[in-house]
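Chain residues, written in single-letter form:
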Amino acid sequence: MTKALIIGGGIGGLTAAMALRRAGIEPVVHEAYEQPDDYAGLFLNTASNGLDALRAIDVDIARRGDGFPIPRMIMWSGTGKRLGEVANGTTLPDGTVSVCVRRGEMQKVLRAEAHARGIAIEYGKRLDTYDATPTGVTARFTDGTEATGDLLIGADGIHSRTRRLLDPDGPRPRFTGLLSVGGYSHDSSLAPTTDTQHFVFGKRAFFGYLVREGGEVYWFANLHRPQEPSRQELDAMTPGWWQRHLTDLFADDMPVIGRILGNLAGEVGAYPVHDIPTSPVWHSGPIALIGDAVHATSPSAGQGASMAIEDAIVLAKCLRDAPDVATAYTTYERLRRPRVEKVVAYSKTLSNSKTAGPVARVFRDLMMPVALRLFANPKSHAWMYDHHIDWNQRAAA
Ligand SMILES: Cc1cc2nc3c(=O)[nH]c(=O)nc-3n(C[C@H](O)[C@H](O)[C@H](O)COP(=O)(O)OP(=O)(O)OC[C@H]3O[C@@H](n4cnc5c(N)ncnc54)[C@H](O)[C@@H]3O)c2cc1C
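What you see is a predicted model, and the numbers here were worked out from it, not measured in a lab. (Residues numbered from 1 in each chain as written. Predicted model: local features only at pLDDT ≥ 70, side-chain atom pairs only at ≥ 80, totals over all residues. Heavy atoms only, no water.)

Enquirer: So what exactly am I meant to see when it comes to the sheet that holds strand S4 (residues 68-69) here?
Expert: Strands pair in a sheet through their backbones, by hydrogen bonds, and they do so in one of two ways: parallel or antiparallel. If you trace the 3 strands from one edge of the open sheet to the other, you get S3-S7-S4, paired in antiparallel fashion. The open sheet has two edge strands with one neighbour each: strand S3 (43-46) and S4. In the sheet, S4 pairs with strand S7 (residues 99-102) via 2 bridges, with the strands oriented antiparallel. Bridging from a neighbouring strand, Phe-68 pairs with Cys-100 of S7. (Pairing = 2+ DSSP bridges. Helix = DSSP H or I, 4+ residues; strand = E, 2+ residues; numbered from the N terminus.)

Enquirer: Explanation requested: the site of the ligand in the structure shown.
Expert: Taken together, 30 residues form the shell around the ligand, and within it Gly-12, Glu-31, Asn-45, Arg-103 and Asp-292 come nearest. Here an oxygen atom of the ligand sits 3.1 Å away from a polar atom, N or O, in the main chain of Gly-304. Isolated, the ligand exposes 1000 Å² of accessible area, and the fraction of that covered by the protein chains is 83%. Contributing elements (two or more residues each) for the shell around the ligand: helix H1 (11-22), S3 and helix H10 (304-321). Broken down by element, the shell around the ligand gets its largest block of residues, 4 residues, from H10. Residue classes in the shell around the ligand are distributed as 11 nonpolar, 12 polar and 7 charged. (Near = heavy atom within 4 Å. Polar contact = N/O pair within 3.5 Å; in protein donor to acceptor, adjacent residues only side chain to side chain. Areas by Shrake-Rupley, 256 points an atom, 1.4 Å probe, with all protein chains shown as cover. Nonpolar A, V, L, I, M, F, W, Y, C, P; charged D, E, K, R; others polar.)

Take a look at the structure:
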C-alpha cells in the first residue's frame, strides 16, 4: 500500500490523513508540537464550503465542535450606523450554516476522528529535511529520527519548512499591515447575537464580536501597523495592557465595544496577519504542499481553514484517480490554484477596507450600504461558498 508522510497535524494535515486513508493510501501524521494542544489559538469562522467539504469524508464539525452558527454578518460604522448585512456562506441541504468554532475544539474533533479511523499521529516530529528519490522519500526530524514513505505532503502551515526545502527561493509570507488581536469576554447582561456576528468599522480600528448564550463573547480587533511587530514585542504585552490600549482605541466607537473590553476573560492573543498570494512551486517528485503552506490567506474572508480542507480532499481524490503521482499532483494544482489565489486576493481587499483615514472613512460609511446591497449578495459570493466537492466523482485529469 502507498504510504504518505504528512508533515503537520493542523486542520489541513489531519483532513488530508483521513481523505488519503479513504483513497486507499496509508497516512502517518508528523506534528512538531510535543503533544496535542486543545487550547491553541482563538476561534475560526468555518465557512459552509469548508463544512461541506468535510462531509466528503464524513466529518461533521458543525454538530460535533461546539460551534456557534453565524449565517449572517452585520456591518456597523463606529458611530453606530448600520451599514448593511452580508450572508456568511450558504445553507447546506440539511440546514447547516457557517459556524464559529474554537480552534482547539476543531483540532480536538479532527484528531478524534483520525484516531477513530486508526490513523497514526506522531508528536514531537518537527521536519528538518528530506531526501527524495524516484522511488520515495525519507523525512528527517529535528529529534534525530526519520521516516520513510512513498509520498510526503507538506501541511506545515504558513512558515512551512517543506515549502522552504521544496523551493528555497519561494515566497516568504507577506505582512498585510494588520495586527489581529482577540480573545474572550463575559457579560451576562449582553443578549446573545443569535445567528449573527457583528463587525464595526471603528474610527481607529476594526472590531468583530459575537455573544453566545449566557454572555460569553468571542471578540477580535484588527489594528493597522505599518511595521510588523516582533513576536518578542507582542509577547511582552499583557492582557491588562491590551485592555487599556484597545479601550482607548475604540473610545469613540459603539459603547458595546467598551463593555466587551471591560469584561475580558482569560488571555489576549495577538497575531501579525500574513498571506502568500501565490507560490510558483506546489509539488515536485513525491512532495506536494497543501493549505497555508502553499497559499496562506489573511483571515478577513474567513476561508483559510476551508481552503486547507478543500485542498486535502481534492489532493486525495487526485491520488486515488490518476495513473501516477505526477499526474495526480499536476491535476491537484490545476484544480486548486485559481480558486485559492482568488480567495487570497479577495481576502486582501477586505483587509484593506478595515483601516481608513478620516476622509476615506466618511466616504466608506456613505458608500458601503450601497456597495453591500450591490456586491455582497449571496449570488456575488456563490463562487466562494457554493463550491461542492463530490467524493464519488472522478478527479478530471
Ligand atoms: C489571527 C488569525 C485568525 C484566523 N481566522 C480564521 C478564520 O476565522 N477562519 C478561517 O478559515 N481561517 C482563519 N485563519 C487562517 C487559518 O488558521 C489557516 O488558514 C489554517 O489553520 C490553515 O491550516 P493548515 O493546516 O494549512 O495550517 P496550520 O493550521 O497552521 O497547521 C500547521 C501545522 O503544522 C505544524 N508544523 C509546523 N512546522 C512543522 C514542521 N517543521 N514539522 C512538523 N509539523 C510542523 C504546526 O505545529 C501545525 O500544527 C486565521 C489565521 C490567523 C492567523
